Amino acid sequence: MTAVLAGGAPRRRNNLALVIHQIKYEQLSFWRNPQSAIFTFVFPVVFVTIMGALFGRVGKSSYFGGLSALQYYVPTIAALCVLGSCYGQLAVGLAARRQNGILKRVRATPLPAWGYFSGLLAHCVLVSLADIVLIVGVGRLYGVPFPSQWPAIAITLMLGAASFCALGVAVASMISNAEAAPAVTQLVLFPLLFLSGTYMPISSRLLSQVTGWLPIRPFNEALIGPLSRHTGADWGHLAVLAAWGVIGAAVAIRRFRWDPRPE
Amino acid sequence: MHPELTGRLAPAAAAPSGAAAAGDAARQQSPQAIIVAGLRKNYGAVQAVRDVSFSVGPGEIVALLGPNGAGKTTTLEILEGFRTRDGGRVEVLGLDPGDKWDARELRERTGLVLQDIAVEPYLTVRETIARQAGYYQAPRDIPEVISLTGLDGLERRKVRALSGGQKRRLDLALGLIGRPELLYLDEPTTGFDPAARRGAWDLVRQLRTAGITILLTTHDMAEAQALADRVVLLSGGAVVAEGPPAGLGGPDAEHTRITFMLPPGVLLADLPVPGVSREGSVVIETTQPTVELHRLTSWAVRHDVMLSGLTVDRPSLEDVYLRLTRDAAPSAAPEKKKTKRSPR
């Protein structure tokens, strides 16, 4: 159509440029929102500091699986942060964006759905990465040695972020009311965090076996290895995590709505 | 009504010369921008749209007018590709918005402004527009859109610090940035103060001059009258009238109305022209106002009778609207309550 092209040469957008475009504006929105920035970065630092003050002197013990207390908490708090930004904030944020019509507006543009979601995923991975670096840094102050298995950490982080993002989108798909979103996400998350050993090691064999098939404990375990035990990627636990990611993605693809008013 | 508009909206003179020329040029390329034929949409047992047919020519401004629950927004959302239809034919720029691939192309070629103000609070005006621009193959220049929507000087302002009217204009900027051939405006001036509304109307006219086809919904008669080349009046999910605002409602609406107080001591039958008594006044409806008025006034002068409160007018679009939607109401009435929970 001549009318469309008049006054501006058609641009060839490649997919990578589109995703970078999305990341850029997701990041801008994120950093400018004091709430999200503080929650994501102040919270883990405070948490590790408290744990350090409480257990900083607890050396290697069988209670913490042969690790020192901080060697245990650095990975679990890192996992908690990834969960917070990928699952919690994403679910709540998407529900809010849907409710106020932002998603519908995005849907009306030529931006494909994959472009929108890859931008979100990449944004979440970046935030998680920054979180992990911060937490490992603070942990170092309490005598936790720097990890050496960076490729394994990267793989675990990417897979965890992707899986929890998928679950976050899935939960956002099933919530119709944005006001209920924080309550619903926390309701699912909070007990599971306790049972999965995030706040304290679980000594019950049965409980560990059950939570081992749920998403959080495998992620904790998969991070403890490369972060504190200097072992490589924990493929067994990562496989469970990936399976949850696939389930989340399947629900998200089937159920995700852009429109605030259901048909 | 504004004299300039009266001239423009008269059925014979469709549009100002510039816009008409642009419209004619486009008309030769493709016959219609939008064709809707026998459209149907149910929400459960509720028939939100039962039979809607109309078309929009290239370069035209058409208003979907009707009360809440008439099916305006549902019709618009089917055209925009947000909702599926249960029956009927829909063609937008020669494509089917219900088809996945056609819908993708349409998103490149159409712009829309929704009822809700939907913008991220923490980005600046410029950033918000720039992000949207990145989604299109050949977007307009950002400064051009900023000045077109009157957002000059606000480029660096955060969206959350904008007033309601400014956010609405930003919303419109987002609808325009992709250089659309067709623009949907869903109740574009709801909540505007009169000055802001005038401003928005001027902007819509400017867009038409630029050759953009516009389909808007409104429940404001004055808005339809001021902007639209043609009005499609919906009630109870069906079209009850269609045409230029001035000629809406068929030949009845073309009648001129002569009203005056019945002079004391004069009977209705004494008058030289037949009239009816309505609310203490005499009303004469005629298609030949010049003749009838002359007959009436010369009779009055001859008999030395005062015709106090003498007025000559035409039924306004509002009168036509109320009459037509009231006529259509009985069939729609049983569904009124249920309609509330479905989208408008």
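Residues numbered from 1 in each chain as written. Chains lettered and ligands numbered in written order. Predicted model: local features only at pLDDT ≥ 70, side-chain atom pairs only at ≥ 80, totals over all residues.

(A) Focus on the overall build of chain A. Counting secondary structure elements, chain A contains 11 helices and zero strands. Its helices and strands in sequence order give chain A the pattern α-α-α-α-α-α-α-α-α-α-α, from N to C terminus. With respect to the principal axes defined by its C-alpha atoms, chain A has extents near 75 × 35 × 35 Å. The buried share among the 263 residues of chain A stands at 43%. Across chain A, the fraction of contacts at a sequence separation of at least 24, relative to all contacts at a separation of at least 6, is 78%. (Helix = DSSP H or I, 4+ residues; strand = E, 2+ residues; numbered from the N terminus. Buried ≥ 20, exposed ≤ 12 C-beta atoms within 10 Å, placed from the backbone. Contact = placed C-beta atoms within 7 Å.)

(B) Expanded view of helix 4 (residues 100-109) of chain B. Residue and element names in this part refer to chain B. Every buried residue of helix 4 is listed here: Leu106, Arg107 and Arg109. Projected onto a plane normal to the axis of helix 4, the buried residues spread over an arc of 165 degrees and lie on a single side. Turned more than 90 degrees from where helix 4 packs its buried face, Lys100 and Trp101 sit exposed. (Arc of directions from axis to C-beta.)

(C) Here's a closer look at the packing of helix 7 (residues 150-174) of chain A against helix 10 (residues 216-229) of chain A. Residues and elements named next belong to chain A. Where helix 7 meets helix 10, the axes come as close as 9 Å, and the angle between the chain directions of the two elements is 165 degrees. The angle between helix 7 and helix 10 places the two elements in the roughly antiparallel class. The way helix 7 lies across helix 10 gives a crossing that is left-handed. Contacts between helix 7 and helix 10 involve Ala152, Ile153, Thr156 and Gly160 on the former and, on the latter, Phe219, Ala222, Leu223, Pro226 and Leu227. (Axes fitted to C-alpha atoms, helices over the stretch in contact; angles between N-to-C directions. Parallel < 35°, antiparallel > 145°, perpendicular 65-115°, else oblique. Left-handed = near helix turned anticlockwise from the far one by under 90°.)

(D) Structural detail: the interface of chain B and chain A. Contact residues are listed per partner, giving 28 residues for chain B and 25 residues for chain A. Put simply, the parts of the chain that give the side of chain B that touches chain A at least two residues each are helix 4 and helix 5 (125-133) of chain B. A total of four residues in the side of chain B that touches chain A trace back to one element, the largest contributor, which is helix 4 of chain B. Partitioning the side of chain B that touches chain A into residue classes produces 12 nonpolar, four polar and 12 charged. (Nonpolar A, V, L, I, M, F, W, Y, C, P; charged D, E, K, R; others polar.)

(E) Geometry of the confidence of the model for chain A. All names here are of chain A. For chain A, the average pLDDT comes to 88, and 94% of its residues sit at 70 or higher. Between the elements of chain A, mean pLDDT differs from a low of 38, seen in helix 1 (residues 2-5), to a high of 95, seen in helix 11 (residues 235-255). Long-range and interchain partners of residues 1-10, a stretch whose pLDDT sits below 50, account for 13 contacts in this model, where long-range means more than four residues apart. (pLDDT = per-residue confidence, 0-100.)

(F) The nonpolar core, seen in detail. Counting 134 residues, the largest nonpolar core has Ala78(A), Cys165(A), Ala173(B) and Leu233(B) as its most contacted members. Considering each element in turn, this core owes the most residues, 19 residues, to helix 4 (residues 69-99) of chain A. Apart from residues no more than four positions distant in its own chain, Cys165(A) is found in contact with Cys86(A), Leu90(A), Leu120(A), Leu121(A) and Cys124(A). Within the second largest apolar cluster, six residues are counted, among which are Phe260(B), Val282(B), Ile284(B) and Leu296(B). (Core = buried A, V, L, I, M, F, W, Y, C linked by C-beta atoms within 7 Å.)

(G) The arrangement of the sheet that holds strand 10 (residues 256-261) of chain B in detail. Residue and element names in this part refer to chain B. Strand order in the open sheet formed by four strands is 11-12-10-13, and the pairing between neighbours is antiparallel. Each end of this open sheet is capped by a strand with a single partner; those strands are strand 11 (276-278) and strand 13 (311-313). The mean angle between the axes of side-by-side strands here comes to 30 degrees, regardless of whether they run parallel or antiparallel. By the bridge criterion, six bridges tie strand 10 to strand 12 (residues 281-286) in an arrangement that is antiparallel. Counterpart to arginine 257 in the pairing with strand 12 is glutamate 285. On the sheet, helix 10 (residues 289-302) packs against strand 10, strand 12 and strand 13 and is oriented at approximately 20 degrees with respect to strand 10. (Pairing = 2+ DSSP bridges.)

(H) Highlighting the environment of Thr124(B). Residues and elements named next belong to chain B. Summarising the element assignment, threonine 124 is placed in the loop between strand 5 (110-113) and helix 5. The exposure class assigned to threonine 124 is partly exposed, which follows from the 18 C-beta atoms found within 10 Å. Separated by 66 residues in the primary sequence, threonine 124 and threonine 190 have C-alpha atoms spaced 24 Å apart. When sequence neighbours within four positions are dropped, the list of residues in contact with threonine 124 reads Glu155, Arg156, Arg157 and Lys158.

(I) Structural detail: the packing of helix 6 (residues 113-141) of chain A against helix 7 of chain A. Residue and element names in this part refer to chain A. As a packed pair, helix 6 and helix 7 sit with axes 10 Å apart at the nearest point and diverge in direction by 130 degrees. As far as their axial angle goes, helix 7 and helix 6 are oblique. Of the two possible hands of crossing, helix 6 and helix 7 adopt the one that is right-handed. Where helix 6 approaches helix 7, its residues Leu120, Leu121, Cys124, Val125, Ser128, Leu129 and Ile132 are matched on the opposing element by Leu157, Met158, Ala161, Ala162 and Cys165. In the contact of helix 6 with helix 7, the residues fall into 11 nonpolar, one polar and no charged.

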